[in-house]
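Residue strings, one per chain:
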Amino acid sequence: MNDTRFIELSARERAKGLLDAGTFRELLGPFDFIMSPWLPPQGIVPQADDDMVVAKGTIDGKPAVVIAIEGTFQGGSMGEVSGAKMAAALEMAAEDNRKGIPTQAILCLETGGVRLQEANLGLAAIADIHAAIVDLRRYVPVIGIIAGTVGCFGGMSIAAALCSYLIVTREA
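Description of the structure in this document. (Residues numbered from 1 in each chain as written. Predicted model: local features only at pLDDT ≥ 70, side-chain atom pairs only at ≥ 80, totals over all residues. Heavy atoms only, no water.)

## With respect to the pairing of strand β6 (residues 165–168)
Okay, step 1: Sheet topology places strand β5 (residues 142–146) next to β6; four bridges connect them, and they run parallel. Residue pairing for β6: I143 is matched across the bridge by Y165.
Okay, step 2: Once you follow β5 into helix α4 (residues 155–162) and on to β6, the crossover reads as right-handed. (Pairing = 2+ DSSP bridges. Helix = DSSP H or I, 4+ residues; strand = E, 2+ residues; numbered from the N terminus. Right-handed = clockwise from strand over helix to strand, strands pointing away.)

Quick look at the structure:
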């Protein structure tokens, strides 16, 4: 990643770049077509991964999960599916830790908050994310990165505040 500015990368490129070379394994990627059912009826074309990239791999040889929001789709807004993907990934990391596999988590947060087209469902998902961060912090630090120009707003700003450490670029 030394050749590219982190803020210019897509969510998938950020996740891949944070993990050790050759260890990136995406869970529920775009070819699984896990996307919001609420956007098409409102005339909005959904994104095949619902703007949420979840990848497992290692960082410095240690198990890790990187969860990255794609800020270019609907301003990185959180809906039912994207929120569930993030919460499930954090819960998976906590479960790994309970099983004796110390799995760290990095959250690449680039979001304007809840997706207005899915208001209550998005808010419920964000609450699940908050609970999962608090649970995981019992085992390992949770790292948040706010890198892009979208920033981190709404209920997800609380998620950022719940992280053990938060890295924010000047552009964010």
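Here the narrative resumes.
## Focus on the pattern of salt bridges
For side chains bearing opposite charge, pairing can occur when the charged atoms are close.
Okay, step 1: If you walk through the whole model with that rule in mind, you get eleven salt bridges.
Okay, step 2: A salt bridge links R5 to E171; the shortest N-O distance between them is 2.5 Å. Here the residue R5 occupies a position in the segment before α1 (11–18), and E171 occupies one in the segment after β6, the gap between them amounting to 166 residues.
Okay, step 3: R5 sits in the partly exposed class, given a relative accessible area of 44%.
Okay, step 4: Residue classification places E171 among the partly exposed positions, given a relative accessible area of 32%.
Okay, step 5: Where D50 meets R115, a salt bridge forms, and the shortest distance between an N and an O atom there is 3.1 Å. Of the two residues, D50 sits in the loop between β1 (25–27) and β2 (52–59) while R115 sits in the loop between β4 (104–108) and α3 (119–136), which places them 65 residues apart along the sequence.
Okay, step 6: The class of D50 is buried, set by a relative accessible area of 0%. (Salt bridge = Lys/Arg side-chain N within 4 Å of Asp/Glu carboxyl O. Buried < 20%, exposed > 50% of the residue type's maximum accessible area, 1.4 Å probe, protein only.)

## Some words on the sheet that holds β6
Okay, step 1: Strand order across the open sheet formed by six strands is β1-β2-β3-β4-β5-β6, with mixed pairing between neighbours. At either end of the open sheet lies a strand with only one pairing partner, and these are β1 and β6. The average angle at which neighbouring strand axes cross in this sheet is 20°, direction not considered.
Okay, step 2: With eight bridges joining them, β2 and strand β3 (residues 62–69) adopt antiparallel strand pairing. Among the inter-strand pairings, K56 is bridged to a residue of β3, identified as V65.
Okay, step 3: Across the sheet, α1 is in contact with β1, β2, β3, β4 and β5; its angle to β2 comes to roughly 10°. (Axes fitted to C-alpha atoms, helices over the stretch in contact; angles between N-to-C directions. Contact = heavy atoms within 4.5 Å.)

## Brief notes about the packing of aromatic side chains
Okay, step 1: A full pass over the atoms with the stated rule returns zero aromatic pairs.
Okay, step 2: The residue whose ring lies beneath R14 is F6, and the NZ or CZ to ring-centre distance is 5.2 Å. (Phe/Tyr/Trp six-rings, centres within 6.5 Å; stacked < 30°, edge-to-face > 60°. Lys NZ or Arg CZ within 6 Å of the ring centre and 35° of its normal.)

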